[in-house]
Each structure stands twice: as C-alpha cells, then as structure tokens.
Amino acid sequence: SQQGEEDPQALSIQEGENATMNCSYKTSINNLQWYRQNSGRGLVHLILIRSNEREKHSGRLRVTLDTSKKSSSLLITASRAADTASYFCATVFSGGYNKLIFGAGTRLAVHP
Amino acid sequence: SQTIHQWPATLVQPVGSPLSLECTVEGTSNPNLYWYRQAAGRGLQLLFYSVGIGQISSEVPQNLSASRPQDRQFILSSKKLLLSDSGFYLCAFAGSTNEKLFFGSGTQLSVL
C-alpha cells in the first residue's frame, strides 16, 4: 500500500506544550501534505512539502521531510485547546496522477 | 472564490435502498474531483476520482458508482445499499495547482 501511516495514533497534551506527529510512507513521492479534521467535519489543508524540500513553516506549524527515511513530522508549537483535532498526512506518490492517499491519522487532544 | 457544497449532511437509509450523494464546486473550471470514505475513527479511503466530464476512475471494487454529468458536479450512487456502505463520505476538489485538496463538509451515512 502507498498509504502513509501516522504515529502516534493518539496524543494527549496540555495547552502550551508542543505536539509532534510522525508520518511514514512506502514509495517515492512528489509531495507530502498535512490536513486537519475537526470531529465530524471535512478536512482542511495545513501545509504541503515537496520531495526536494526538507523543512517548511507556517505559523505555529513546522513540517520536516526525510525522503531517505520516507518519513515526515508535523510539529505544533505552543498548542491550544482549539488545536484539538485529527491530523492526517497524505502523499502523492510519483506517477500517482494527483491521487492523494491518506494515512489513518493522529488524534490530538489539547487540554486547557 | 472556490467553494464546494456537499449534501445532505446526514442520511439514514435502509439496507437495499438506493443512494445519491451530490457534490458541486464553484469558482473553478475542470477541477479534479474525488470521493473519499472514512470509517469511524479511521483514515480516508479513496473511492473515485474524475479528471473531466464522464471520466471516472474507481479505486476499489464496491457497491458504489460515481458519475460526473457536468464539469463541477460529482455524484456518488448505489442501486442497493449494504450495511458495509455506512460511513462518512467526503467530496473534494483539487485547487488551481492541482495539488492540495479542498473538502466538502461530508455526509454521514448510516445504513440500517
């Protein structure tokens, strides 16, 4: 399967702490994306990192990509209760014709 | 601006009944369109994608079908629903760069 796999499956932290989620995938990719889903809602795109990039920032989000290890991480700094959601990585693998393949997600709970 | 509409938000259907879920996109032309299904607490499974009117690619064999009768309309159908068709169905379109996806708000389908 080309699917990305997130780790951990669930993460519980206190407000102000940092949250780190990891994603591994199996084949060469064009890009890797992170999405967020609030319970019972659609997904919202957070950040895209291309295969030739190693790190990207967007506000309190930091994404790294290690193509040699076929892995990526999403760091949310200074987390807030409003960050409580599920986070998914998704990959477009080389030759994947724009098909985005999602992992199972990490459920993040941030407690006030 | 680009928007996506998906309806209904919730649907309860008896086994053996037909299904029609509709998704429409505004503010863009000839988008790539996608149907995903999400089991409770799980990741997204790509069901169908379309790169143009009448062009449908199926990712997994199943009891469902998809059609794209107009450029910005994507329909998910079934002639006879099964219990296993229950889930959260999400429609999405690819943005202008054909990379990141924009998702609808989803339809929670319960087959009883």
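Right above here is the structure, for reference.
Residues numbered from 1 in each chain as written. Chains lettered and ligands numbered in written order. Predicted model: local features only at pLDDT ≥ 70, side-chain atom pairs only at ≥ 80, totals over all residues. Heavy atoms only, no water.

> Got a minute to help me understand the overall build of chain A in this structure?
Counting its secondary structure elements, chain A contains 0 helices and 11 strands. Moving toward the C terminus, one meets the helices and strands of chain A in the order β-β-β-β-β-β-β-β-β-β-β. Taking 112 residues into account, the globule formula puts the C-alpha radius of gyration at 13 Å, and chain A, at 13 Å, falls close to it. For the C-alpha atoms alone, the extent of chain A along its principal axes is close to 45 × 30 × 20 Å. Looking at chain A residue by residue over its 112 residues, the buried ones come to 46%. Residue pairs in contact within chain A that sit at least 24 positions apart in sequence constitute 56% of those at least 6 positions apart. (Helix = DSSP H or I, 4+ residues; strand = E, 2+ residues; numbered from the N terminus. Rg over C-alpha atoms; globule rule 2.2 N^0.38 Å. Buried < 20%, exposed > 50% of the residue type's maximum accessible area, 1.4 Å probe, protein only. Contact = heavy atoms within 4.5 Å.)

> I'm lost on the packing of aromatic side chains in this one. Help?
Aromatic rings considered in pairs are described by the distance between their centres and by the relative angle of their planes. All names here are of chain B. Tallied over the full model, the rule gives 9 aromatic pairs over all chains. Centroid distance Tyr 36 to Phe 103: 5.9 Å. Interplanar angle 45 degrees. Geometry classified as tilted. Remark: Phe 103 occurs in strand 10 (residues 101-103) and Tyr 36 occurs in strand 4 (residues 33-38); sequence separation between them is 67 residues. A relative accessible area of 1% places Tyr 36 in the buried class. (Phe/Tyr/Trp six-rings, centres within 6.5 Å; stacked < 30°, edge-to-face > 60°.)

> Looking at this structure, how should I read the pairing of strand 6 (residues 55-58) of chain B?
The two faces of the sheet receive side chains in turn, since in a regular strand these alternate between them. All names here are of chain B. Relative to strand 6, strand 5 (residues 44-52) runs antiparallel, the two being bridged by 3 bridges. Bridge assignment links Gly 52 to a residue of strand 6, and that residue is Gln 55. Taken together, strand 5 and the strand that follows it, strand 6, pair antiparallel across an intervening segment of 2 residues, in which Gly 54 is found at a positive phi of about 75 degrees. (Pairing = 2+ DSSP bridges.)

> Looking at this model, I keep getting lost on the sheet that holds strand 1 (residues 5-7) of chain A. Mind explaining?
By definition, the strands of a sheet pair up through backbone hydrogen bonds, in either a parallel or an antiparallel sense. All names here are of chain A. If you walk across this open sheet you meet the 5 strands as 1-3-8-7-6, and the pairing is antiparallel. Each edge of the sheet is formed by a strand with only one pairing partner; in this case those strands are strand 1 and strand 6 (55-58). Taking the axes of each pair of neighbouring strands and ignoring which way they run, one obtains an average angle of 20 degrees across the sheet. Pairing of strand 3 (residues 19-24) with strand 8 (residues 71-76) involves 6 bridges; the strand directions are antiparallel. Opposite Asn 22, over in strand 8, you have Ser 73 as the bridge partner. (Axes fitted to C-alpha atoms, helices over the stretch in contact; angles between N-to-C directions.)

> Would you mind going over the state of the cysteines with me for this structure?
Disulfides are covalent bonds that connect the sulfur atoms of two cysteines. All told, the structure shown has 2 disulfides over all chains when counted by the stated rule. A:Cys23 shares a disulfide with A:Cys89; S-S distance 2.0 Å. Sign of the S-S torsion, about 65 degrees for the bond between A:Cys23 and A:Cys89, identifies this disulfide as right-handed. In this pair, A:Cys23 sits in strand 3 while A:Cys89 sits in strand 9 (residues 85-93), placing the two residues 66 residues apart along the sequence. Two residues, B:Cys23 and B:Cys91, share a disulfide whose sulfurs are 2.0 Å apart. (Disulfide = S-S within 2.5 Å.)

> How should I be thinking about the pairing of strand 3 of chain A in this particular structure?
All names here are of chain A. Burial of strand 3 is one-sided: the residues Ala 19, Met 21 and Cys 23 facing one way are buried, the residues Thr 20, Asn 22 and Ser 24 facing the other way are not. Inspection of the sheet shows strand 1 paired to strand 3 by 3 bridges, in the antiparallel sense. By the bridge assignment, Glu 5 is partnered in strand 3 with Ser 24.

> Got a minute to help me understand the sheet that holds strand 1 (residues 3-7) of chain B in this structure?
All names here are of chain B. Pairing within the open sheet is antiparallel, and its 4 strands lie in the order 1-3-8-7. The open sheet is flanked by strand 1 and strand 7 (65-70), the only strands paired with a single partner. On average, each strand axis in the sheet is tilted by 20 degrees relative to the strand beside it, whichever way the strands run. Bridge count for strand 7 against strand 8 (residues 73-78) is 4 bridges, and the pairing is antiparallel. Looking across to strand 8, one finds that Ser 67 is bridged to Ile 75.

In short, the description is geometric, and any link to function would need to be established separately.
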